[in-house]
Amino acid sequence: MALANASVSRRRGDRRRRNQTKLADHVDRLGEEHPPIPLDSVDYTINRPAELADRFGAVLSYMSRVELEVERNVLELNILLPDPPEVDRHFYADVWLPQETHHGIILDRVQVLAGLESAEPNLTDVSFKLKFLGALGRARGIQDVSRMLYYLTGLATERSAVLAYNKLHAGLIELGERAIAATVVGPIKRQEPGHFAYYQMAARELWAQLGGWQRWVVRTLRKRTFGPVGVDNDRQRVEFGEVMTALEMSTGDEADLQHYARQIGRVEHELLWAHRQGLRVPDYIFKALRRAAEAAADLKGDHRPSAGRSDP
């Protein structure tokens, strides 16, 4: 019996090492194949700046801020994960941070040229809740919970980014702003799927290693803390709702939000909630999107009912 257990343990250890090697190779490829977009490679030609600002100003403002705030996000990760795997640190500090920072700089330049105000990102403020969770992360088993929450946040964030940049790219082509589409949004949207792939591989590997109590804590904290990327207060919730409206992800039809929520939460559902029969999307994801859509509609005086306000 002891020999059998030792054999199982060795196989698990070998599998983990192979997975870590795959993750490390993936990060190295991201860094080599997708270096930060050169700032001097961008063609900032804008044919109709007023129309660009009117149609996509909310999107440019929101996304430039969120991309620039990765500087603070790295500070948060250093607190949240006091002793992260080296592959995580290499990914977020050496690859993700410089890529996203250049995204933010370029998008901010575009919005200024379109006549909008420059972004004002929060680069330093770290919430008490995150500091508290980081302190707990020094206890055995808790840091793996924090890592899992980090990967889940990354999955939702990057999937949202992929969807948003695809919609923005198509909208810019339709508007006739081909230079911005080709040299700004095109290169950005080619970099985001690699980030999503990293979080997906890392999340699947770690979830398989977590014990029952750790999975319970992850599910509980995720339900209570989920929010759309870049939303930390009521004003930002309205802004996110405006982004969804501008990109036609929210049209007043609840089915649109359900579809959007399913796309964001697909992997999260497969990992955390596969045991819940009939659940198509984590309800907290849908509810967060609906709150943002309703907040934006209320600000405009559009008090459309949310199709009965039923949950998916």
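1. Remarks on unusual backbone geometry
Piece 1. One non-glycine residue, glutamate 248, lies in the positive phi region at around 60 degrees.
Piece 2. For glutamate 248, the position within the fold is in the loop between α9 (234-246) and α10 (254-272).
Piece 3. When its relative accessible area of 54% is taken as the criterion, glutamate 248 is described as exposed.

2. Observations concerning the pattern of salt bridges
Piece 1. A full pass over the atoms with the stated rule returns 17 salt bridges.
Piece 2. With a closest N to O distance of 2.9 Å, arginine 222 and glutamate 268 form a salt bridge. One end of the pair, arginine 222, is in helix α8 (residues 212-225); the other, glutamate 268, is in helix α10, and 46 residues separate them in sequence.
Piece 3. Residue glutamate 239 pairs with arginine 235 through a salt bridge whose shortest N-O separation is 2.7 Å.

3. A word on a nonpolar patch on the surface
Piece 1. A cluster of nonpolar side chains, contributed by Phe128, Phe132 and Leu136, occupies part of the molecular surface with about 340 Å² of accessible area.
Piece 2. Within the fold, leucine 136 resides in helix α5 (residues 128-136).
Piece 3. On the basis of relative accessible area, leucine 136 is assigned to the partly exposed category, the value being 37%.

Conventions we followed
Residues numbered from 1 in each chain as written. Predicted model: local features only at pLDDT ≥ 70, side-chain atom pairs only at ≥ 80, totals over all residues. Heavy atoms only, no water. Helix = DSSP H or I, 4+ residues; strand = E, 2+ residues; numbered from the N terminus. Buried < 20%, exposed > 50% of the residue type's maximum accessible area, 1.4 Å probe, protein only. Salt bridge = Lys/Arg side-chain N within 4 Å of Asp/Glu carboxyl O. Patch = residues over 30% accessible without salt bridge, like charges linked within 9 Å, V, L, I, M, F, W, Y side chains within 5 Å. Areas by Shrake-Rupley, 256 points an atom, 1.4 Å probe, with all protein chains shown as cover.

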